[in-house]
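Spelled out, the chains give:
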Amino acid sequence: MAISERVLRYLGSTRNIVGSCLALLGLLAHFLGLAGTFWPLVVVALYGAGALLAPPDRIRLTISNAEIETRALRADLDGLLQRVAGRFPGDAHAAVDALAEVLRGVLDRAEQLTSSPDQLHVVSQTIRQYLPASLQAYANLPRGYALTRGKGRERSAHEELLAQLALLDAQLRQVAEAIHRGDEQALRDQGRFLRDRFGGSELDLG
């Protein structure tokens, strides 16, 4: 683990928070004239006491099945992007990158995604079959041929690839929207619960 990551993790830890709170009390005592001339030592001592006595952060050892599934899909997506890097025209790469961004956003919602078999199937097939198949078919063509619209063809192979990427992007955005609607509904349900629980609230969540 990098040093900067360790520092950031400690800054957000329970030990640092408790120690900092006690250190602030030491500073307050100094401003009130209660800590005497040795107030810096008092502040340091209070911080150290808080850091030592604070309960350690809980360590999460279990990983849900949803996280296992989405982690594998993310690894497959990253591997695919590495394999195709630099092998396609700029507009195709831009379309693939946009699609990958949508996919990553969906994979971040592991529990919501895996709770819907249909949505999970679309995401899984896109990463492991649909997108690789489209890219592989295009990569097998000579660049000049792919960019040329021949006789009897409505569009070139390049245009066909872009159209397929657009279709996948549109489908994945529908999945993302469905997940966001679920999150919004959960927020509204929580709002109704809070209003029922506390007998009304000025917080109006819809």
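Each remark here, short or long, concerns the structure printed above.
Residues numbered from 1 in each chain as written. Predicted model: local features only at pLDDT ≥ 70, side-chain atom pairs only at ≥ 80, totals over all residues. Heavy atoms only, no water.

Within the chain, the regular secondary structure consists of nine helices and zero strands. Mapped from its N terminus to its C terminus, the chain presents α and β elements in the order α-α-α-α-α-α-α-α-α. Residues classed as buried in the chain amount to 29% of the 206 residues present. Relative to all contacts within the chain whose residues are 6 or more apart in sequence, the contacts with residues 24 or more apart total 64%. (Helix = DSSP H or I, 4+ residues; strand = E, 2+ residues; numbered from the N terminus. Buried < 20%, exposed > 50% of the residue type's maximum accessible area, 1.4 Å probe, protein only. Contact = heavy atoms within 4.5 Å.)

Right, let's talk about the environment of S156 for a bit. Within the secondary structure, S156 is located in the loop between α8 (143-147) and α9 (157-198). Given the relative accessible area of 3%, S156 is considered buried. Taking the C-alpha atoms as reference points, S156 and A146, 10 residues apart in sequence, are found 6.1 Å from one another.

The subject of this paragraph is the packing of helix α2 (residues 14-31) against helix α3 (residues 39-53). Two elements in contact, α2 and α3, have axes whose closest approach is 7 Å; the angle formed by their N-to-C orientations is 155°. With respect to their mutual orientation, α2 and α3 come out roughly antiparallel. For the pair α2 and α3, the sense of crossing is right-handed. On α3, the residues touching R15, N16, V18, G19, S20, L22, A23, G26, L27 and H30 of α2 are W39, V43, L46, Y47, G50, A51 and L52. (Axes fitted to C-alpha atoms, helices over the stretch in contact; angles between N-to-C directions. Parallel < 35°, antiparallel > 145°, perpendicular 65-115°, else oblique. Left-handed = near helix turned anticlockwise from the far one by under 90°.)

Counting residues in each nonpolar core, the largest one holds 31 residues, and the members touching the most others are L113 and V123. For this core, the secondary-structure elements that each account for two or more residues are α4 (65-84), α5 (90-107), α7 (117-139) and α9. (Core = buried A, V, L, I, M, F, W, Y, C linked by side-chain atoms within 4.5 Å.)

Inspection of every chain in the model, using the stated rule, returns seven salt bridges. R104 is the partner of D78 in a salt bridge, and the nearest nitrogen-oxygen pair spans 3.3 Å. Taken together, the positions of D78 in helix α4 and R104 in helix α5 put the pair 26 residues apart, joining distant regions of the chain. When salt bridges that share partners are traced, they join E69, D76 and R128 into one network. (Salt bridge = Lys/Arg side-chain N within 4 Å of Asp/Glu carboxyl O.)

Now for the packing of α4 against α5. Contact pair α4 / α5: the axes reach a minimum separation of 11 Å and the direction vectors enclose 170°. On the basis of the axis angle, α4 is roughly antiparallel to α5. Seen along the crossing, α4 lies across α5 with a hand that is left-handed. Touching T70, L73, R74, L77, D78, L81 and V84 of α4 are H93, V96, A100, L103, R104 and L107, all from α5. Taken together, the residues of the contact of α4 with α5 break down into eight nonpolar, two polar and three charged. (Nonpolar A, V, L, I, M, F, W, Y, C, P; charged D, E, K, R; others polar.)

Turning next to a nonpolar patch on the surface. On the surface, L25, L28, L32 and L34 cluster together to form a nonpolar patch covering roughly 440 Å² of accessible area. Mapped onto the elements of the fold, L32 is located in the loop between α2 and α3. (Patch = residues over 30% accessible without salt bridge, like charges linked within 9 Å, V, L, I, M, F, W, Y side chains within 5 Å. Areas by Shrake-Rupley, 256 points an atom, 1.4 Å probe, with all protein chains shown as cover.)

The end-to-end C-alpha separation of α4 is 29 Å, in line with the 28 Å expected for 20 residues at 1.5 Å each. For α4, the full list of buried residues reads A66, T70, L73, L77, G79, L80, L81 and V84. In this fold, the buried residues of α4 make contact with α5, α6 (110-114) and α7. Just downstream of α4 lies G86, where phi reads positive at about 75°. (Expected span 1.5 Å × (residues − 1).)

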